[in-house]
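A look at the structure
What follows is the residue order along each chain.
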Amino acid sequence: MRIDILTIFPDLVEGFASTSLLGKARREGIIDVNIHDLRSVAIDPHRSVDDSPFGGGAGMVLKPEPIFDTVEKVNPPRPLLYLSPSGRRLDQAYAQELSELDGFSLLCGRYEGVDERVREHLVDGEISIGDYVLAGGEIAAGVVLEAVGRLVPGMLGNYDSVEEESFSDGLVEYPHYTRPATFRSWETPEVLLSGNHKRIEDWRKAQALARTIKWRPDLIETRGGLSDSDRRLLAEFDLDET
Ligand code: SAM
């Protein structure tokens, strides 16, 4: 998979993309991340990439020329997605969709954003990481990179862990415990030490259901409410349906 990122602050993204899982996956050739500095194609002596908005008002706007020129020069993989608070909200399903592509590109905005002609005539879509406004798209690009990158086969040692974690089946994840079995008098649930794999699986599913009911009832609604087997599982482990 190839992911290209267009930014005026390449160091911000490069640092993130060179560390931990992503850095290792890049070094091993599992994922190809290319970071392009929009300033490098600016030809004026100050390498300016922004200008004041026509019509007046606060802030600066990223000029169209360096963005069009960079895209025409490097031909980044499509779709080219502009990071924007008004874009399609990133969630696990969207991350999964992106991870199944051969590649895609991210354009980071700054200041008031990009000249509208970039949105109308250059990008293929817009992606948001949530309903709040950041100062720039670089951190958002890091979020997309990590959420998508870890779903690319080969990125994680144990691919099962991706299939079992939060949101993969519309539920938040069950709790985890590790050694010691007793820590400061707090016990690990007996079932996890039992060696009974079927019972452990049922307990985890029941815990995931109970946590989702408590913390994210909207997700239960999205699944169409509780099924009869969900109810039976909750009852089996004395967990509350409400
Ligand atoms: N004036 C814009 C608006 O009201 O929608 C906000 C611009 S914001 C200060 C600067 C840049 O940060 C945006 O162009 C975008 O690239 C990035 N950004 C801010 N919030 C974001 C979010 N929630 N998701 C993705 N990118 C975001």
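Residues numbered from 1 in each chain as written. Predicted model: local features only at pLDDT ≥ 70, side-chain atom pairs only at ≥ 80, totals over all residues. Heavy atoms only, no water.

1. What about the pattern of salt bridges?
When their charged atoms lie close together, side chains carrying opposite charge are able to pair. For the record, the criterion: The salt bridge criterion pairs a side-chain nitrogen of Lys or Arg with a carboxyl oxygen of Asp or Glu, the two atoms within 4 Å. For the exposure calls, accessible area comes from a 1.4 Å probe over protein chains only, and a residue counts as buried if that area is under 20% of its type's maximum, exposed if over 50%, partly exposed in between. Under the scheme used here, helices are H or I runs from DSSP no shorter than 4 residues and strands are E runs no shorter than 2 residues, and both carry numbers assigned from the N terminus.
Scanning the entire structure with this criterion turns up 16 salt bridges. Between Arg117 and Asp115 there is a salt bridge; the shortest N-O distance is 2.7 Å. On the accessibility criterion, Asp115 (14% relative accessible area) is buried. Across the pair Lys205 and Asp230 runs a salt bridge whose closest N-O atoms are separated by 3.8 Å. Linking Lys205 in helix H8 (residues 197–215) with Asp230 in helix H10 (residues 228–236), this pair joins segments that are 25 residues apart in sequence. For Lys205, a relative accessible area of 29% puts it in the partly exposed group. Asp230 gets classed as buried once you look at its relative accessible area, which sits at 3%. Each of Glu116, Arg119 and Glu126 takes part in a single network of salt bridges with overlapping partners.

2. Points about helix H2 (residues 20–27)
Formally: It is the directions from the helix axis to the C-beta atoms whose arc is reported. The contact definition used throughout considers only heavy atoms, calling two residues in contact when any of these lie within 4.5 Å.
All buried positions along H2 are accounted for by Leu22, Gly23 and Ala25. With its buried residues spanning 165° around the axis, H2 presents them on a single face. The outward face of H2, more than 90 degrees from its buried face, is lined by the exposed residues Ser20 and Arg27. Tucked into the core, H2 has its buried residues touching helix H1 (10–17) and helix H6 (138–149). Just past H2, the residue Gly29 takes up positive phi, approximately 75°.

3. A closer look at the domain arrangement of the protein
Interface size is often expressed as the accessible area that is lost when the parts come together. To keep things clear, this is the line we draw: Note that the domain bounds were set by an automatic or database domain assignment.
By the assigned domains, the protein splits into domain 1 (2–149) and domain 2 (166–236). Computed from C-alpha coordinates alone, the two centres of domain 1 and domain 2 are separated by 38 Å.

4. Section: the packing of H8 against H10
Our working definition: In this analysis an axis means a line fitted to C-alpha atoms, helices contributing only their contacting stretch, and an angle means the value between N-to-C directions, from 0 to 180 degrees. Roughly parallel here means an angle under 35 degrees, roughly antiparallel means over 145, roughly perpendicular means 65 to 115, and every remaining angle is called oblique. For this scheme, ten residues count as nonpolar: Ala, Val, Leu, Ile, Met, Phe, Trp, Tyr, Cys and Pro. Four count as charged, namely Asp, Glu, Lys and Arg, and the remainder, Gly too, count as polar.
The N-to-C vectors of H8 and H10 enclose an angle of 105°; their axes lie 9 Å apart at closest approach. When the axes of H8 and H10 are compared, the pair comes out roughly perpendicular. The residues of H10 that touch H8, namely those facing Arg199, Asp202, Lys205, Ala206, Leu209, Ala210 and Ile213, are Asp230, Leu233, Leu234 and Glu236. Residues that form the contact of H8 with H10 fall into these classes: six nonpolar, no polar and five charged.

5. Regarding the site of the ligand
As a reminder, the rule being used: For this description, a residue counts as near a given molecule or strand if any of its non-hydrogen atoms is within 4 Å of it. Each polar contact in these results corresponds to two N or O atoms within 3.5 Å; when the atoms are within protein, one needs to be able to donate a hydrogen and the other to accept it, and residues that are neighboring in sequence are counted only if both atoms are side-chain atoms. Calculation of accessible area relied on Shrake-Rupley with a 1.4 Å probe; when residues are assessed, cover is drawn exclusively from the protein chains displayed.
Close to the ligand lie 20 residues, the nearest being Tyr82, Leu83, Gly109, Tyr132 and Leu134. Within the backbone of Ser84, one N or O atom sits 3.4 Å away from a nitrogen atom of the ligand. Between the ligand and Leu134, the relevant distance is 3.0 Å, taken from a nitrogen atom to a main-chain nitrogen or oxygen of the residue. When the free accessible area of the ligand is taken as 580 Å², the share hidden by the protein chains comes to 82%. Mapped onto the shell around the ligand, the elements with two or more residues apiece are strand E5 (80–89) and strand E7 (125–128). The greatest single-element share of the shell around the ligand, amounting to four residues, is contributed by E5. Here the residues of the shell around the ligand sort into eleven nonpolar, seven polar and two charged.

6. Structural notes on a nonpolar patch on the surface
Counted only if it meets this: What makes a patch is a set of residues exposed beyond 30% relative accessible area and free of salt bridges, joined within 9 Å when like-charged and within 5 Å when nonpolar (Val, Leu, Ile, Met, Phe, Trp, Tyr).
Residues Phe9, Leu12, Met60 and Tyr111 make up a contiguous nonpolar surface patch of about 330 Å² in total accessible area. Mapped onto the elements of the fold, Leu12 is located in helix H1. For Leu12, a relative accessible area of 44% puts it in the partly exposed group.

7. Quick notes on the layout of surface pockets
Counted only if it meets this: Buriedness for pockets is judged along seven lines, at least five of which must meet protein on both sides within 12 Å for an open set on the 1 Å grid over protein atoms alone, while cavities are sets there where a 1.4 Å probe fits but cannot get out, and lining residues have an atom within 4 Å of a point. Grid points are joined across faces, edges and corners, and a volume is the space filled by probe spheres set on the points.
The computed volume of the largest pocket comes to approximately 420 Å³. Lining the largest pocket are 15 residues, with Asp91, Gln92, Ala93, Phe167 and Ser168 positioned closest to its centre. Contributions of two or more residues to the lining of the largest pocket are made by helix H4 (92–99), helix H7 (160–164) and helix H9 (217–222). In terms of residue class, the lining of the largest pocket is made up of six nonpolar, five polar and four charged. For the lining of the largest pocket, the two domains that each supply at least three residues are domain 1 (2–149) and domain 2 (166–236).

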